[in-house]
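Observations on chain architecture
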Amino acid sequence: MSNRRKIRRPGASGPGAARLSPPKSAWRRRVRELLLGWYGQERRNLPWRGEREPYRIWVSEAMLQQTRAGTAAPRYARFLARFPTLRALAEAPLEAVLAEWQGLGYYGRARSLHRAAREVAERLGGELPAGLAALRALPGFGPYMAGAVGSIAFGLRVPAVDGNVLRVLARLLDLAPPVDKPPGRAAVEKEAEALLPRVRPGDFNQALMDLGARLCLPRNPRCGDCPLEALCAARKAGTAAQRREEDGLFGGLWELPGWMAEGRPEPSEREWARACARHLGPGWKAGGEIARAARVLTHRRILFVLRRALPPEGKRISLKDADGAMWVDAEALKALPLSNAQRAAIAAGRRGIGEGQGRLFG
Ligand code: SF4
């Protein structure tokens, strides 16, 4: 018998195989821990988060299929005010549902919601079924919708693979085959299933979606902020792009204008001046410090340093919205989706200037 072993050249990969060695159970356990820990602290503050009522979860998922979370949030509340229960939706004429959907686009989603609500009301006693096969039999319930509603509303251990999840898992595994082709997609779906925890599968699915929407961005993944950085094969192999996303708006979340001075305690005055000009316009300057707020995440510590912004002297200024940025008053701010870290920074800023003595926004 030969004592030679079959070895793989590092980086070599066959169809459907990951570039690095396949995930082990310890790796999966760590992914679950880190991702759920991050989600607990950093999950987007959206109106359907923590929702337990299956009908409301279903409506949110239908809206989110083609609409950004920031746009869907106010429309979700409006839709539920108009159709507060599955029965109310089933009894409404289709025209009323389509009218309420106006502006969200992809009206097929509204038609499917209405058709499925009628079917559930007539055949299933008005309650969404708690089993995967029964969900899949309803209009509009493809694999993603059934997985999302099944895991979030009923705690079923089923994956919900949308575009964000595909991207995150393809990078985590550094998959060689493209995920828009059957072998790549099948490899992602297999891993999505293997990764699911027995408890909180719905939170885990939502955490993966959030990670894709906020950090594992299509063009500029923010690996330095990612809780899975140390476990990510694409990060190790250098196949994930590295540049930071610097726009104020990303992944449906809003944030204060600013930038990250990675690893350095104090940014220079030149950096402050450049940031003011970039975010507010020529002539704006950084004024005195207002407040500091520290935030400890699962994998890193962030120190927010908030300073006043001084408009150009002798000029009448108008606060214009710009690409990806807008001025909002305190009331409008409450309705915007923000991370918990951003909320903490804003609260510190408010305390720093003293309510009524100045305005942070607009
Ligand atoms: S480390 Fe980077 S590429 Fe990997 S999952 Fe996180 S954000 Fe995505």
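Predicted, not measured: the structure shown is a model, and the values here were computed from it.

**Comments concerning the overall build of the chain**
From N to C terminus, the chain includes 15 helices and 4 strands. Sorting the 362 residues of the chain into buried and exposed places 31% on the buried side.

**Concerning the packing of helix 9 (residues 163–173) against helix 10 (residues 182–195)**
Following both chains from N to C, one finds helix 9 and helix 10 inclined at 90°, their axes separated by 10 Å at the closest point. One element, helix 9, and the other, helix 10, form an angle in the roughly perpendicular class. The residues of helix 10 that touch helix 9, namely those facing Val165, Leu166, Leu169, Ala170 and Leu173, are Gly184, Val188, Glu191 and Ala192. For the contact of helix 9 with helix 10, the class distribution of residues is 7 nonpolar, 1 polar and 1 charged.

**Some remarks on unusual backbone geometry**
Positive phi values are uncommon outside glycine, yet Asp174 reaches one of about 50°. Here Asp174 is to be found in the loop between helix 9 and helix 10. A positive phi angle, near 60°, is found at Arg200, a position not held by glycine. When you line up the elements, Arg200 lands in the loop between helix 10 and helix 11 (201–214).

**Re helix 13 (residues 269–280)**
Across its 12 residues, helix 13 extends 16 Å between first and last C-alpha, which sits within 8% of the 16 Å expected from 1.5 Å per residue. Within the sequence span of helix 13, burial applies to Ala275, Cys276 and Leu280. Taken down its axis, helix 13 places every buried residue within 100° of arc, on the same side. The secondary structure elements touched by the buried residues of helix 13 are strand 3 (285–296) and strand 4 (301–310). A positive backbone phi angle near 120° is found at Gly281, which sits one or two residues after helix 13.

**Some points on the environment of Val120**
Residue placement: Val120 occurs in helix 6 (residues 108–123). Take Val120: there are 24 C-beta atoms within 10 Å of it, and that puts it in the buried class. When the C-alpha positions of Val120 and Arg87 are compared, they lie 8.7 Å apart, and in sequence the two are 33 residues distant. In contact with Val120, not counting residues within four places along its chain, are Leu86, Gly126, Leu128 and Leu138.

**Here's the deal with the site of the ligand**
Within the structure, the ligand sits among 15 residues, and Cys216, Cys223, Cys226, Cys232 and Ala240 are positioned closest to it. Elements supplying a minimum of two residues to the shell around the ligand: helix 9 and helix 12 (233–237). Ranked by residue count, the leading element in the shell around the ligand is helix 9, at 3 residues. Split into classes, the residues belonging to the shell around the ligand amount to 11 nonpolar, no polar and 4 charged.

**Considerations on the confidence of the model for the chain**
On average, residues of the chain score 82 in pLDDT, and 82% of them are at 70 or above. Across the chain, helix 4 (residues 86–91) holds the top mean pLDDT of 98, while strand 1 (residues 249–250) sits lowest at 34. Across residues 1–20, where pLDDT falls below 50, the model places 22 contacts with residues more than four positions away in sequence or in other chains. Counting interchain partners and residues more than four positions distant, the pLDDT-below-50 stretch residues 243–252 has 28 contacts.

**A closer look at the nonpolar core**
Generally speaking, a soluble globular protein has its nonpolar side chains buried in company with each other. One finds Leu35, Val149, Val165, Leu169, Val188 and Leu208 to be the most contacted residues of the largest nonpolar core, which totals 69 residues. If sequence neighbours within four positions are ignored, Val188 has contacts with Val161, Leu166, Leu169, Ala170, Leu175 and Val179.

**So, the environment of Gln342**
Tracing the backbone shows Gln342 in helix 15 (residues 340–353). We classify Gln342 as buried; it has 20 C-beta atoms within 10 Å. Spatially, the C-alpha atom of Gln342 lies 7.2 Å from that of Leu256, the residues being 86 residues apart in sequence.

Here is what the cut-offs are and how they apply
- Residues numbered from 1 in each chain as written.
- Predicted model: local features only at pLDDT ≥ 70, side-chain atom pairs only at ≥ 80, totals over all residues.
- Helix = DSSP H or I, 4+ residues; strand = E, 2+ residues; numbered from the N terminus.
- Buried ≥ 20, exposed ≤ 12 C-beta atoms within 10 Å, placed from the backbone.
- Axes fitted to C-alpha atoms, helices over the stretch in contact; angles between N-to-C directions.
- Parallel < 35°, antiparallel > 145°, perpendicular 65-115°, else oblique.
- Contact = placed C-beta atoms within 7 Å.
- Nonpolar A, V, L, I, M, F, W, Y, C, P; charged D, E, K, R; others polar.
- Expected span 1.5 Å × (residues − 1).
- Arc of directions from axis to C-beta.
- Near = placed C-beta within 6 Å.
- pLDDT = per-residue confidence, 0-100.
- Core = buried A, V, L, I, M, F, W, Y, C linked by C-beta atoms within 7 Å.

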